[in-house]
Amino acid sequence: MQELDVRQVAALASSAPRALLLDVREPWEVALARIDVPGLDWLHLPMGQVVDRLEELDRQQPVAVYCHHGVRSLQVVAFLSRQGFDVVYNLAGGIDAWSQEIDPSVPRY
């Protein structure tokens, strides 16, 4: 299982095919704070819905999964890997690390 630190996420923007930033937090968390990276697709898919909505994801598309601190996303990455996703990463530290290291305008909660 691969992890990316927040500084490595921008490198995904130049990948082919275009990479997906998958937010597995709850809707109330997305309402508080969101990551937007030019060049990456974004999808909100709460962790509890991943199994039922798996068909919405392209197994050929690189995926970087994130949550608040990186624990839920790590579980989703493990699941996606078992489902045949070849290029899937966990965003280490989640949106909290993003706020601290990349964009302090992203609220911490």
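A quick note: this is a predicted structure, and the numbers were derived from the prediction, not measured. (Residues numbered from 1 in each chain as written. Predicted model: local features only at pLDDT ≥ 70, side-chain atom pairs only at ≥ 80, totals over all residues. Heavy atoms only, no water.)

Peer 1: Any chance you could break down the confidence of the model for the chain for me, citing the residues and the numbers?
Peer 2: Residues at a pLDDT of 70 or more form 100% of the chain, whose mean pLDDT is 94. No element of the chain has a lower mean pLDDT than helix α1 (residues 9-12), which averages 84, and none a higher one than helix α2 (residues 27-32), which averages 98. (pLDDT = per-residue confidence, 0-100. Helix = DSSP H or I, 4+ residues; strand = E, 2+ residues; numbered from the N terminus.)

Peer 1: I'd like a description of the packing of aromatic side chains, backed by residues and values.
Peer 2: In this description, a pair of aromatic rings is defined by centroid distance and the angle of the planes. By the definition in use, this model includes one aromatic pair. Ring plane angle 75 degrees and centroid distance 5.9 Å describe the contact between Trp 28 and Tyr 109, whose orientation is recorded as edge-to-face. Remark: Tyr 109 occurs in the segment after α4 (94-101) and Trp 28 occurs in helix α2; sequence separation between them is 81 residues. Its end group placed over the ring of Trp 42, Arg 34 keeps NZ or CZ at 3.5 Å from the ring centre. (Phe/Tyr/Trp six-rings, centres within 6.5 Å; stacked < 30°, edge-to-face > 60°. Lys NZ or Arg CZ within 6 Å of the ring centre and 35° of its normal.)

Peer 1: Describe the nonpolar core, and please don't skip the residues or the numbers.
Peer 2: Of all hydrophobic cores here, the largest spans 18 residues; its most connected members are Leu 12, Leu 21, Ile 35, Val 37, Leu 40 and Trp 98. Counting residues per element, this core draws most heavily on α4, at three residues. Not counting the four nearest positions on each side in its chain, Leu 12 is found in contact with Leu 4, Ala 19, Leu 40, Ala 64 and Tyr 89. Ranked by size, the runner-up nonpolar core spans 16 residues in total, among them Leu 45, Leu 57, Cys 67 and Phe 85. (Core = buried A, V, L, I, M, F, W, Y, C linked by side-chain atoms within 4.5 Å. Buried < 20%, exposed > 50% of the residue type's maximum accessible area, 1.4 Å probe, protein only. Contact = heavy atoms within 4.5 Å.)

Peer 1: Describe helix α3 (residues 71-82), with residues and values.
Peer 2: The terminal C-alpha atoms of α3 lie 17 Å apart, and with twelve residues this matches the ideal 16 Å at 1.5 Å per residue to within 8%. The complete set of buried residues in α3 reads Ser 73, Val 76, Val 77, Ala 78, Phe 79 and Leu 80. Where the residues of α3 are buried, they touch β2 (20-23), β4 (63-66) and β5 (88-91). Two residues or fewer after α3 comes Gly 84, characterised by a positive phi angle close to 100 degrees. (Expected span 1.5 Å × (residues − 1).)

Peer 1: Requested: an account of the sheet that holds strand β1 (residues 2-4), with residues and values cited.
Peer 2: One open sheet accounts for five strands, arranged β1-β5-β4-β2-β3; its pairing is parallel. Two strands lie at the open edges of the sheet, namely β1 and β3 (41-44), each paired on one side alone. Adjacent strand axes in the sheet meet at a mean angle of 30 degrees, parallel and antiparallel pairs treated alike. Where β2 and β3 come together, four bridges link them in parallel fashion. Within β3, the position partnered with Leu 21 by the bridge is Trp 42. The strands touched by α3 are β1, β2, β4 and β5; relative to β5, the strand with the most contacts, the crossing angle is about 175 degrees. (Pairing = 2+ DSSP bridges. Axes fitted to C-alpha atoms, helices over the stretch in contact; angles between N-to-C directions.)

Peer 1: Describe the environment of Leu 12, listing the residues and the values that go with them.
Peer 2: Along the chain, the position of Leu 12 falls in helix α1. Its relative accessible area of 8% is what places Leu 12 among the buried residues.

Peer 1: Tell me about α4, and name the residues and values.
Peer 2: Within α4, six of the eight residues are buried, which leaves it mostly tucked inside the rest of the structure. Considering only its buried residues, α4 is in contact with α1, β4 and β5.

Peer 1: Any details on the environment of Arg 18? Residues and values, ideally.
Peer 2: Inspection of the secondary structure assignment puts Arg 18 in the loop between α1 and β2. The exposure class assigned to Arg 18 is partly exposed, which follows from its relative accessible area of 43%. Separated by 57 residues in sequence, Arg 18 and Gln 75 place their C-alpha atoms 23 Å apart. Residues in contact with Arg 18, not counting those within four places in the same chain, are Gly 39, Leu 40, Asp 41, Gln 61 and Pro 62. Polar contacts involving the side chain of Arg 18 include one to the side chain of Asp 41, which spans 2.6 Å. (Polar contact = N/O pair within 3.5 Å; in protein donor to acceptor, adjacent residues only side chain to side chain.)

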